[in-house]
Amino acid sequence: MTTEIWQLSEAELLADAADVSHRIQLMEARRIALVGEIDTRVSREKLGFPGPAGWLTSTTLLSPSKATKIVALARGLKNFPDIADAVNTGVMSVDHAALILAFAETPPKHLPQEGQDIARAAMIKAATGPQARAGRIREAITKLEDTFGSKKPPPEDTDRNELFASKTLNGRLVLKADFDAVTGEKLLAALSPLTEPRPAADGTQDDRSPALRRAEAFGHILDRYLASSNRPTEGGEKPHVNLHISLRDLTDLRSTMNADSDSDSENGSTATESDNNSRPATADRGAYRDLFGDGTTVGWLPWMGPLSRETSRQLACDCLLTAIVMDENGSPINLARTARTVTAKQKRALTARDHGCAFPGCGKPAAWTEGHHIWHWTDGGPTDMNNLVLLCGFHHRLIHRSDWEVFIGTDNHPWFIPPATVDPYRQPRQSHARAGPHIT
């Protein structure tokens, strides 16, 4: 019988926590080994994804970045058994292993093989045990890079350039960059005239922080780029911002804007109060039925996702909108047969419906997808909304070459039927954007 945690003595608490931590390390190592074996033995058709990372994300609670890291470790450790042994015996953390593996896979250009082996052994020793610290390992790597790396000084080495863009859980975008001196100079020169403080007309000082001024300046640069005519195309169209919104919600927003305008002019600050009173709290389950569905957010952006009513209202006022009429299921009304290829307007409509690759568990951005004919064009299939689905390159090929099937359901959204090798019962699965919990 397991002893309840509250019944443990202080010594038992400490010992148990240390033991569990060690076992977690061993389980992490086993998961990495299993993923390595899956990567080698299980076909992509059986996985339903280009590699184990997509499969891990779709079948576990792992985030895409964590799953990708595990796969990279699994592949890399096969080539460096000394690092793998330290991980498998639980004496080195997975994070330290990833750091050393990155050095081992891309060593300094002029470090001889013997030096690489000696340095790796020293790093493994430094990363072993509870006293290990990542800072010491990074310091050693930096010294080796400075001594045996590129002949170019770090400020001029463009091979070191990196730009990371990560969407956070609360729907924001975090950027992290490392640029050479010339690229950095270009960025700072572009930001400089846009980051100056702007006092108000009455002389009131600009109270924006320098960081906020830089962020707003960066937004201005993006606006000017998207407004230029010399930008490259993607998916047949030049980069632009689309706001997806149903006709009902757009009408509601316009009604609200008109009401707010009238109320502001007549009643001043009472507009907020009356607005709140018009939408009283309710315990009706129907009001929350689509909490996790498609019809709850007023706005939606193809890259970043849901958007609040207020920002949707601003975009609806400030932007030139492409009208895509949506039905009660959040599916664009059929645009009729055109040519063999999907038109730009149809692609926008498909993006509004599928949000990206519709294959269950994928969801790659719409800009990286293609329109797939469910009933093939060569067999007489029309280029209609009810015969099209957005798929990334891999899943487009998978649908053509495997026993996966796709059809448009009564809700006017794609559904996928897995082959018997994946699901013996071949139960239909909702598209990626539609999957998830629903309150009924």
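Residues numbered from 1 in each chain as written. Predicted model: local features only at pLDDT ≥ 70, side-chain atom pairs only at ≥ 80, totals over all residues. Heavy atoms only, no water.

## Quick look at the environment of leucine 163
The criterion, for reference: A run of H or I in DSSP becomes a helix once it reaches four residues, and a run of E becomes a strand once it reaches two; helices and strands are each numbered from the N terminus. Throughout, a contact is declared for two residues whenever any of their heavy atoms are within 4.5 Å.
Among the secondary structure elements, leucine 163 is positioned in strand β1 (residues 162-167). In this structure the C-alpha to C-alpha distance between leucine 163 and lysine 176, which are 13 residues apart in sequence, comes to 5.8 Å. Apart from residues no more than four positions distant in its own chain, leucine 163 is found in contact with Lys176, Ala177 and Phe179.

## A word on the nonpolar core
To keep things clear, this is the line we draw: We call a set of buried residues a nonpolar core when its members are Ala, Val, Leu, Ile, Met, Phe, Trp, Tyr or Cys and they connect through side-chain atoms within 4.5 Å of each other. Partly exposed describes any residue whose relative accessible area lies between the buried limit of under 20% and the exposed limit of over 50%, with all areas from a 1.4 Å probe on protein chains only and scaled to the type maximum.
Residues Ile32, Leu56, Ile83, Met92, Ile100, Phe103 and Met123 are the most contacted members of the largest nonpolar core, which totals 32 residues. When near neighbours in sequence (up to four residues on either side) are disregarded, isoleucine 83 contacts Leu77, Met92, Ala97, Ile100, Leu101, Ala104, Arg120 and Ile124. Listed in part, the 14 residues of the second largest apolar core include Ala358, Cys362, Leu398 and Phe416.

## Digging into the packing of helix α1 (residues 10-41) against helix α4 (residues 64-77)
Basically, it comes down to this: Geometry is summarised by axes, namely lines fitted to C-alpha atoms with helices restricted to the contacting stretch, and by angles between N-to-C directions that run from 0 to 180 degrees. Just so you know how the angles are binned, under 35 degrees is roughly parallel, over 145 roughly antiparallel, 65 to 115 roughly perpendicular, and the rest oblique.
In the contact formed by α1 and α4, the axes pass within 8 Å of each other and the chain directions differ by 75 degrees. The orientation of α1 with respect to α4, classified from their angle, is roughly perpendicular. Each of Glu28, Arg31, Ile32, Val35, Gly36 and Asp39 in α1 lies in contact with α4, whose residues at this interface are Lys66, Ile70, Val71, Leu73, Ala74, Arg75 and Leu77.

## Overview of helix α3 (residues 52-59)
Basically, it comes down to this: Picture the helix axis, draw a direction to every C-beta atom, and the arc is the one those directions span.
Three or more residues of α3 are buried, namely Pro52, Ala53 and Leu56. Each buried residue of α3 lies within a common arc of 100 degrees when the element is viewed along its axis, so the set occupies one face.

## Some words on the packing of α3 against α4
Applicable threshold: When the near helix sits turned anticlockwise from the far one by under a right angle, the crossing is termed left-handed; a clockwise turn instead gives a right-handed crossing. Only Asp, Glu, Lys and Arg are considered charged in this grouping, and only Ala, Val, Leu, Ile, Met, Phe, Trp, Tyr, Cys and Pro are considered nonpolar; every other residue, Gly among them, is considered polar.
Two numbers describe how α3 lies on α4: the axes approach to 8 Å, and their chain directions differ by 140 degrees. On the basis of the axis angle, α3 is oblique to α4. Crossing hand, α3 versus α4: right-handed. Each of Pro52, Ala53, Leu56 and Thr57 in α3 lies in contact with α4, whose residues at this interface are Pro64, Ala67, Thr68, Ile70, Val71 and Arg75. Grouping the amino acids of the contact of α3 with α4 by side-chain chemistry returns 7 nonpolar, 2 polar and 1 charged.

## Observations regarding the layout of surface pockets
Selection criterion: With a 1 Å grid spanning the protein atoms alone, the term cavity applies to any set of points in which a 1.4 Å probe fits but cannot get out, the term pocket to an open set with protein on both sides within 12 Å along at least five of seven lines, and the term lining residue to any residue with an atom within 4 Å of a point. Grid points are joined across faces, edges and corners, and a volume is the space filled by probe spheres set on the points.
Estimated volume of the second largest pocket: approximately 1,000 Å³. Forming the walls of the second largest pocket are 25 residues, and the residues nearest its centre are Ala102, Thr106, Glu145, Arg160 and Glu162. Elements that contribute at least two residues to the lining of the second largest pocket include exactly α4, α6 (94-105), α8 (134-148), β1 and β2 (173-178). Classifying every residue of the lining of the second largest pocket gives 9 nonpolar, 6 polar and 10 charged.

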